[in-house]
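Structure assessment
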Amino acid sequence: MTHPQPIAWRGDCLRILDQTRLPAAVEYVDARSAADVADAIRRLAVRGAPLIGIAAAYALALEARNGADVRAAAAELVATRPTAVNLRWAVDRVLAAWDGDPARAEAEAARIHREQIEADERIGRFGADLIVANATVLTHCNAGGLATGGIGTALGVIKTAHVGGKLVRALVDETRPLLQGARLTAWELEQAGVPYEVIVDAAAAGIIARGNVQAIVVGADRIAANGDVANKVGTYGLALAAAAHSVPFYVAAPLSTIDVATPTGAGVGIEERDDAEVLAFAGKSIAPDGSAARNPAFDVTPAALVTAIITERGVLRPPYGASIAASMKQAVAAS
Ligand code: MRU
């Protein structure tokens, strides 16, 4: 099974697969400074919570190597996208390791990258155990290798279930407005040889109601201490439909996505993006000139709707306040 390589560290630059061009073109941009990486994160050339953390970590390594102001770069990077906590987490790790030595910053960035690849494998195995035989599994946005650098979190579960012979097909929400599902998840599943069908976001509830979905697996941008989950806009609606029809709703995410400093989902900053993303489709305007729009990039799913959170240290169950605290404690003890 092949997986995408969305970033590659080259020593003097970070080579980034430009995800805005997929699936039409496979093109790379070479980021040579933290400002270049920040720009790539802002325009979603590189995206997905774990991957923007890893890219920001390498950005600091570049900055340290260039003899530039690493702390100013850290502030710029953290400000690029407000919702995914992995960004701040990875930047803090590199700042703590750096100590004025570029080699230490680079080694820490590489460690964060390697740890995510390993976490994906473990999440994939824990998650695949939860999938019943011959399942149709629905996913939203792209929580694949394009979002993590490994096999992916939610897509890692789907790919591992496929390899284990459990999966009939994946259902892929197109994920308006930027189509991460249709453009990126479908591209990745095609490469991995996993059968899939793309659906418009609005079709999901009806297909779930007809009993044609055995599980929903999504990623997360931030999980609060109580288990509330911020993820791509539309996730909450899926969770409501899943609960109404007794379909399990799983969130697959590394522990680095859990933010114990945010008590509940109400404290998660939701990124608002440009109106133009909503008012146009494939570069063409779809609403009357002068239309206003709302464009929240994420929403919050209450913990009560989440069947389980699949992490690299195992499957967390409600009550999440307790299971998250215990898992984070174990992780600190093991590090
Ligand atoms: O705006 P994006 O494309 O960065 O949003 C990504 C998501 O919402 C993913 O589900 C999340 O980051 C998890 S990626 C493993």
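Summary of the structure given here. Chains are numbered independently. Their residues run from 1 in the order of the written sequence. Where local features are concerned, this predicted model is filtered to residues with pLDDT of at least 70; where side-chain atom pairs are given and counted, the filter is 80 or more; whole-chain, interface and lining totals use all residues. With hydrogens and water stripped out, all remaining heavy atoms of the structure feed into the side-chain values.

1. Description of the overall build of the protein chain
Condition: Helix and strand assignments come from DSSP, with helices taken as H or I runs of at least 4 residues and strands as E runs of at least 2, each series counted from the N terminus. Categorising residues by exposure relies on relative accessible area from a 1.4 Å probe, with only protein chains included: less than 20% of the type maximum marks a residue as buried, more than 50% marks it as exposed, and the intermediate range marks it as partly exposed. Residue contacts are counted whenever heavy atoms from the two residues lie within 4.5 Å of one another.
Regarding its fold elements, the protein chain presents twelve helices and 16 strands. Overall size of the protein chain, expressed as C-alpha extent along the three principal axes, is 60 × 55 × 40 Å. Classification of the 335 residues of the protein chain by burial places 55% in the buried group. Nonlocal contacts in the protein chain, meaning residues at least 24 apart in sequence, comprise 73% of its contacts between residues at least 6 apart.

2. Brief notes about the nonpolar core
For clarity, the threshold we go by: Residues enter a nonpolar core if they are buried and are Ala, Val, Leu, Ile, Met, Phe, Trp, Tyr or Cys, with the set joined through side-chain atoms within 4.5 Å.
With 38 residues, the main nonpolar core has Ile 7, Leu 14, Val 37, Val 46, Leu 60 and Leu 77 as its most contacted residues. Elements that contribute at least two residues to this core include exactly strand 2 (14-17), helix 1 (34-42), helix 2 (49-65), helix 3 (70-78), helix 4 (85-98) and helix 5 (102-128). When residues of this core are assigned to their parent elements, the largest contribution, 13 residues, is made by helix 2. If sequence neighbours within four positions are ignored, Leu 77 has contacts with Ala 34, Val 37, Ala 38, Ile 41, Ala 56, Ala 59, Leu 60, Leu 87 and Val 91.

3. Re the site of the ligand
Worth spelling out the cut-off: Whether a residue is near a molecule or strand is decided by its heavy atoms; if any one of them lies within 4 Å of it, the residue is near. We define a polar contact as two N or O atoms separated by no more than 3.5 Å, with the added condition that, inside protein, one atom must be a possible hydrogen donor and the other a possible acceptor, whereas residues neighbouring each other in sequence contribute only through side-chain atom pairs. Residue-level accessible areas treat just the shown protein chains as cover; the underlying method is Shrake-Rupley with a 1.4 Å probe. In this classification, Asp, Glu, Lys and Arg are treated as charged, Ala, Val, Leu, Ile, Met, Phe, Trp, Tyr, Cys and Pro as nonpolar, and every other residue, Gly included, as polar.
As a structural note, the neighbourhood of the ligand is formed by 17 residues, with Arg 47, Ala 49, Arg 81, Asn 231 and Lys 232 the closest of them. Contact between the ligand and Arg 47: an oxygen atom at 2.5 Å from a side-chain N or O atom of the residue. Between the ligand and Lys 232, the relevant distance is 2.7 Å, taken from an oxygen atom to a side-chain nitrogen or oxygen of the residue. Calculation on the ligand without its partners gives an accessible area of 420 Å², and the protein chains cover 99% of this total. Every element with two or more residues in the shell around the ligand is listed here: helix 2, helix 6 (145-148) and strand 9 (229-232). Residues belonging to the shell around the ligand are distributed by class as follows: seven nonpolar, six polar and four charged.

4. Things to note about the pattern of salt bridges
Which entries qualify depends on this criterion: The salt bridge criterion pairs a side-chain nitrogen of Lys or Arg with a carboxyl oxygen of Asp or Glu, the two atoms within 4 Å.
Summed over the entire model, instances satisfying the criterion amount to 17 salt bridges. Linking Glu 27 and Arg 21 is a salt bridge whose minimum nitrogen-to-oxygen distance equals 3.1 Å. On the basis of relative accessible area, Glu 27 is assigned to the partly exposed category, the value being 36%. Here Arg 42 makes a salt bridge to Glu 76, at a shortest N to O gap of 3.2 Å. With a gap of 34 residues between them, Arg 42 in helix 1 and Glu 76 in helix 3 connect regions that are remote in the sequence. Taking relative accessible area as the criterion, Arg 42 reaches 38% and is therefore assigned partly exposed.

5. Looking at helix 2
Each α-helix turn comprises 3.6 residues. Residues three or four places apart therefore point the same way. Rule in force here: A helix's residues, less one, multiplied by 1.5 Å, set its expected span.
The terminal C-alpha atoms of helix 2, which comprises 17 residues, lie 25 Å apart, in line with the 24 Å expected from a rise of 1.5 Å per residue. Summarising burial for helix 2: 16 of the 17 residues are buried, a large majority. Immediately downstream of helix 2, the backbone of Gly 67 shows phi near 70 degrees, a positive value.

6. Re the packing of aromatic side chains
The cut-off we apply is this: Any Phe, Tyr or Trp ring, taking Trp's six-membered ring, that has another such ring centre within 6.5 Å forms a pair; planes under 30 degrees apart are called stacked, those over 60 apart edge-to-face, and the others tilted. A ring has a charge above it when a Lys NZ or an Arg CZ is no more than 6 Å from the ring centre and no more than 35 degrees off the ring normal.
Inspection of every chain in the model, using the stated rule, returns one aromatic pair. Here Trp 9 and Tyr 58 contribute two aromatic rings whose centre-to-centre distance is 5.0 Å and whose plane-to-plane angle is 15 degrees, an arrangement assigned as stacked. Here Trp 9, found in strand 1 (residues 7-9), pairs with Tyr 58, found in helix 2; they are 49 residues apart in sequence, far enough to count as distant. For Lys 232, the ring lying beneath its charged end belongs to Phe 298, and the centroid distance is 4.3 Å.

7. Observations concerning the layout of surface pockets
Which entries qualify depends on this criterion: The definitions used throughout rest on a 1 Å grid laid over the protein atoms alone, on which a cavity is an enclosed set of points accommodating a 1.4 Å probe that cannot get out and a pocket is an open set flanked by protein within 12 Å on both sides along at least five of seven lines; lining residues are those having an atom within 4 Å of a point. Grid points are joined across faces, edges and corners, and a volume is the space filled by probe spheres set on the points.
Each pocket or cavity is described by its volume, and for the largest pocket that value is around 750 Å³. Put simply, the parts of the chain that give the lining of the largest pocket at least two residues each are helix 2, helix 4, helix 5, strand 11 (258-259) and helix 12 (320-334). When residues in the lining of the largest pocket are grouped by element, the largest group, seven residues, is from helix 4. Across the lining of the largest pocket, the residue classes break down as 16 nonpolar, five polar and nine charged. Considered as a void within the structure, the second largest pocket measures approximately 210 Å³ in volume. Lining of the second largest pocket is provided by Arg 176, Pro 177, Leu 178, Leu 179, Arg 183, Ala 276, Glu 277, Ala 280, Phe 281, Ala 282 and Gly 283. In terms of residue class, the lining of the second largest pocket is made up of seven nonpolar, one polar and three charged.

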